[in-house]
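As a plain string of letters, each chain reads:
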Amino acid sequence: MEQLTIHRNIPVKYTADLCIAGAGPAGIAAAVTAARRGARVLLIDHLAMPGGMSTAALVPVFMPCSDGVNFLAAGFGNEVIDRLQKFAARRNFDSGLAINAEHLKRVYDDLLAESGVEPLYYTRLIDAVVESGRIEALLCNSPSGNFAIKAPIFIDATGDGTLSVIAGAPFEFGGENGEVMPSTLCSLWAGIDFAAYRAGGAFSHNDDKMLAKLEEAFQRGELSVPDFHHTGVFRVSNVAAVGNITHVFDVDATDERSLTRGVIENRRLLAEYEEFYRRQVAGFAEAEIVGSGSVLGIRESRRILGDYVLNRDDYEARRDFPDEIGRYNFPADIHPPRPGKEEVIAHKKLFRSFCCGKGESYGIPYRILLPRGVENLLTCGRCVSCDRHVMASLRVIPGCYITGQGAGMAAALAAAAGTVPRKIDTAALRKELRGIGAFFH
Ligand SMILES: Cc1cc2nc3c(=O)[nH]c(=O)nc-3n(C[C@H](O)[C@H](O)[C@H](O)COP(=O)(O)OP(=O)(O)OC[C@H]3O[C@@H](n4cnc5c(N)ncnc54)[C@H](O)[C@@H]3O)c2cc1C
């Protein structure tokens, strides 16, 4: 590819104790935790809202937060879910773990403001100044132009590990052959007759009755991709539901052309599913899709390699770690990278074989937040250091709250002590995390 060399002066527009790239569930958990521990925190995101996939992509529901005995997303996660349920209760809706994305944005806005974090939206990380394994500044772009942000410590909460890769950290991508879980464009539905939907038995989205209807639609050509992995439509308020129902395969979240194809193809499939639901599913005769995610839902891209790589053996042994900062239990939910019945049967088998029993969980060591070769950087959320199986568990929102909370506390302690995250006392970190309600052994 042709290369251009550009020399320009860039203004240092902001400084902070900690700068976090990415305001998804992990970045927000990190920002609020660090600010409450006394750090001056800047949180940047190129979108116009907090929440990443949990709001902008319209993810419909929190995956498990508890192991049936202990609340695992304890501390920050607990607080978010409590506040969200209060919003729903004001509308007399018993939300459980369902997500009304607009309410969740307000919860995040409040938490960020109350803790004193400065969010900067419309701000995209484009590069970094890195010297001898240390990030000196982030280069960002916004409608104001290009500018730099300086801080002694940074957190990569971009989901795709973008900052870590810019800074030179090693990473893995997808499965053995680079295959990734499919993308989904979540959809907002109105006009559903919820009483009829329940009575129709379709609420359990992948029951045999629903799969038979899907198969007939594939055969008739009404649904153009024979995708048997059907996640379903989830009620998120008295009047609305969110569909997690399309899969577009082979989308590379680090490539703009691939993402563009993914989002256009997902939208085309949504039109097919809208007609399918209206014709085939009880309660949907008058339903319409009235919106879709502002961003494409991405399940998998890079995993940044850190001082430890949390792996399937650790999960299966429900391993404890001396430096653990939390625990989690969701099974490996590896959405098959190809459509087809056999793939879905294999997926369900793997998912079931991974399930933790009541009171069981695996430890999350602090070392998976420390990218190799970069001294003043932490990761959290979907891109932390683990194998594909553990990523498929830890990538969900409660898991991201846990690693975000751990990263935020570690960054604040390092900033206060004038040291780097790798050198902090992990016993002190664990004590502080326990003090804010985190759960671990
Ligand atoms: C379709 C789908 C359905 C899902 N369903 C569920 C579910 O039901 N329950 C559940 O618990 N989990 C679910 N998940 C998983 C979960 O939503 C995500 O894995 C989780 O949100 C990841 O959190 P994160 O903070 O690591 O990253 P993200 O949520 O991806 O947030 C990253 C943030 O970084 C920002 N960013 C990225 N690059 C830059 C840059 N260069 N400059 C500035 N900002 C940047 C992004 O705009 C984004 O706001 C689902 C995921 C998908 C895709």
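Residues numbered from 1 in each chain as written. Predicted model: local features only at pLDDT ≥ 70, side-chain atom pairs only at ≥ 80, totals over all residues. Heavy atoms only, no water.

*Asks:* Which residues make up the pattern of salt bridges, and what values go with them?
*Replies:* By the definition in use, this model includes 27 salt bridges. Here Arg338 makes a salt bridge to Asp250, at a shortest N to O gap of 3.1 Å. A residue pair is termed long-range when its members are at least 10 positions apart, and Arg338 in the loop between strand S15 (324-328) and helix H9 (341-354) and Asp250 in the loop between strand S12 (240-244) and helix H7 (256-280) qualify at 88 residues. Given the relative accessible area of 40%, Arg338 is considered partly exposed. Accessibility expressed as a relative area gives 41% for Asp250, which makes it partly exposed. For Arg268, the salt bridge goes to Glu265, with nearest N and O atoms at 3.0 Å. Here Arg268 and its partner Glu265 are both found in helix H7, 3 residues apart, which amounts to about one turn of the helix. (Salt bridge = Lys/Arg side-chain N within 4 Å of Asp/Glu carboxyl O. Helix = DSSP H or I, 4+ residues; strand = E, 2+ residues; numbered from the N terminus. Buried < 20%, exposed > 50% of the residue type's maximum accessible area, 1.4 Å probe, protein only.)

*Asks:* Outline the sheet that holds strand S17 (residues 377-379), supporting the account with residue identities and numerical values.
*Replies:* With parallel pairing, 5 strands are arranged side by side in an open sheet as S4-S3-S2-S8-S17. Looking along the sheet, the strands with just one partner apiece sit at the ends: strand S4 (118-120) and S17. Sheet twist, expressed as the average angle between the axes of neighbouring strands with direction ignored, equals 20 degrees. The pairing of strand S2 (residues 18-21) with strand S8 (residues 153-156) spans 4 bridges and is classified as parallel. (Pairing = 2+ DSSP bridges. Axes fitted to C-alpha atoms, helices over the stretch in contact; angles between N-to-C directions.)

*Asks:* Outline H9, listing residues and values.
*Replies:* With 14 residues, H9 should reach 20 Å at 1.5 Å per residue; the first-to-last C-alpha distance of 20 Å fits that figure. Regarding H9, the residues found buried are Val344, His347, Leu350 and Phe354. Buried residues in H9, looked at end-on, bunch into an arc of 125 degrees, giving them a common side. What points out from H9, more than 90 degrees from its buried face, is the exposed set Glu342, Lys349, Arg352 and Ser353. (Expected span 1.5 Å × (residues − 1). Arc of directions from axis to C-beta.)

*Asks:* Tell me about the packing of aromatic side chains, residues and numbers included.
*Replies:* Scanning all chains against the criterion turns up 14 aromatic pairs. With 4.8 Å between their ring centres and 85 degrees between their planes, Tyr197 and Phe284 make a pair best called edge-to-face. Here the residue Tyr197 occupies a position in helix H5 (residues 194-199), and Phe284 occupies one in the loop between H7 and strand S13 (288-292), the gap between them amounting to 87 residues. Each ring, one from Tyr273 and one from Phe276, has its centre 6.3 Å from the other, and the planes form 80 degrees; the classification is edge-to-face. Taken as a pair, Tyr273 and Phe276 lie in helix H7 at a separation of 3 residues, close to a single helical turn. Among the aromatic residues, those joined into a cluster by ring pairs are Trp189, Tyr197, Tyr273, Phe276, Tyr277 and Phe284. The ring of Phe147 has Lys13 lying over it, and the distance from NZ or CZ to the ring centre is 5.1 Å. Seen from the ring of Phe87, Arg90 lies directly overhead, with NZ or CZ sitting 4.7 Å from the centre. (Phe/Tyr/Trp six-rings, centres within 6.5 Å; stacked < 30°, edge-to-face > 60°. Lys NZ or Arg CZ within 6 Å of the ring centre and 35° of its normal.)

*Asks:* Tell me about the site of the ligand, residues and numbers included.
*Replies:* Residues in close proximity to the ligand total 33 residues, the closest being Asp45, Met53, Val61, Arg382 and Arg395. Between a nitrogen atom of the ligand and a main-chain N or O atom of Val61, the distance comes to 2.5 Å. For the ligand, an oxygen atom lies 3.1 Å from a polar atom in the backbone of Met63. Bound to the protein, the ligand loses 95% of the 990 Å² it would expose on its own. Counting only elements with at least two residues in the shell around the ligand, the list comes to helix H1 (25-36), strand S5 (124-131) and helix H11 (397-417). Looking at the shell around the ligand, its residues break down into 17 nonpolar, 11 polar and 5 charged. (Near = heavy atom within 4 Å. Polar contact = N/O pair within 3.5 Å; in protein donor to acceptor, adjacent residues only side chain to side chain. Areas by Shrake-Rupley, 256 points an atom, 1.4 Å probe, with all protein chains shown as cover. Nonpolar A, V, L, I, M, F, W, Y, C, P; charged D, E, K, R; others polar.)

*Asks:* I'd like to hear about the packing of helix H2 (residues 76-90) against helix H3 (residues 101-115), residue by residue, with values.
*Replies:* One way to put it is that H2 packs onto H3 with a least axis distance of 9 Å and a crossing angle of 130 degrees. Relative to H3, the element H2 lies oblique. Our pair here, H2 against H3, has a crossing hand that is right-handed. Facing Phe76, Glu79, Val80, Arg83, Leu84, Phe87 and Ala88 of H2, the residues of H3 in contact are His103, Leu104, Arg106, Val107, Tyr108, Asp110, Leu111 and Glu114. The class makeup of the residues in the contact of H2 with H3 is 9 nonpolar, 1 polar and 5 charged. (Parallel < 35°, antiparallel > 145°, perpendicular 65-115°, else oblique. Left-handed = near helix turned anticlockwise from the far one by under 90°. Contact = heavy atoms within 4.5 Å.)

*Asks:* Describe the pairing of strand S6 (residues 134-142), listing the residues and the values that go with them.
*Replies:* As judged from the 7 bridges shared by S5 and S6, these two strands associate in the antiparallel manner. What sits directly across from Glu131, in S6, is Arg134. The hairpin formed by S5 and S6 contains 2 residues between the paired strands, and Ser132 there has a positive phi angle of roughly 50 degrees. In this structure, the hairpin formed by S6 and strand S7 (residues 145-150) is closed by a connection of 2 residues.

*Asks:* Kindly report on unusual backbone geometry, identifying the contributing residues and their values.
*Replies:* A positive phi angle, close to 60 degrees, is found at Leu58, a residue other than glycine. For Leu58, the position within the fold is in the loop between strand S3 (41-44) and H2. Unusually for a residue other than glycine, Asp250 sits at a positive phi of about 60 degrees.

*Asks:* How would you sum up the domain arrangement of the chain? Please name residues and give values.
*Replies:* As far as domains go, the chain holds domain 1 (12-176 + 300-435) and domain 2 (187-292). Inter-centroid distance (C-alpha atoms) of domain 1 to domain 2 is 28 Å. Across the boundary between the two partners, domain 1 contributes 22 residues, which contact 25 residues of domain 2. On the domain 1 side of the interface with domain 2, the three residues burying the most area are Leu58, Pro60 and Phe93, jointly 28% of the side's total. There are 2 salt bridges connecting domain 1 and domain 2. For the salt bridge of Lys341 with Glu215, the shortest nitrogen-to-oxygen distance reads 3.0 Å. (Domains from an automatic or database assignment. Buried area = accessible area lost by both parts, 1.4 Å probe.)

*Asks:* An account of the packing of H1 against H11 is needed here, citing residue identities and associated values.
*Replies:* In contact at an axis separation of 7 Å, H1 and H11 are set at 35 degrees when each is read in the N-to-C sense. Crossing of H1 against H11: the hand is right-handed. Contacts between H1 and H11 involve Pro25, Ala26, Ala29, Ala30, Thr33 and Ala34 from the former and Ile397, Cys400, Tyr401, Gly404, Gln405, Gly408, Met409 and Ala412 from the latter. Its residues assigned to classes, the contact of H1 with H11 comprises 10 nonpolar, 4 polar and no charged.

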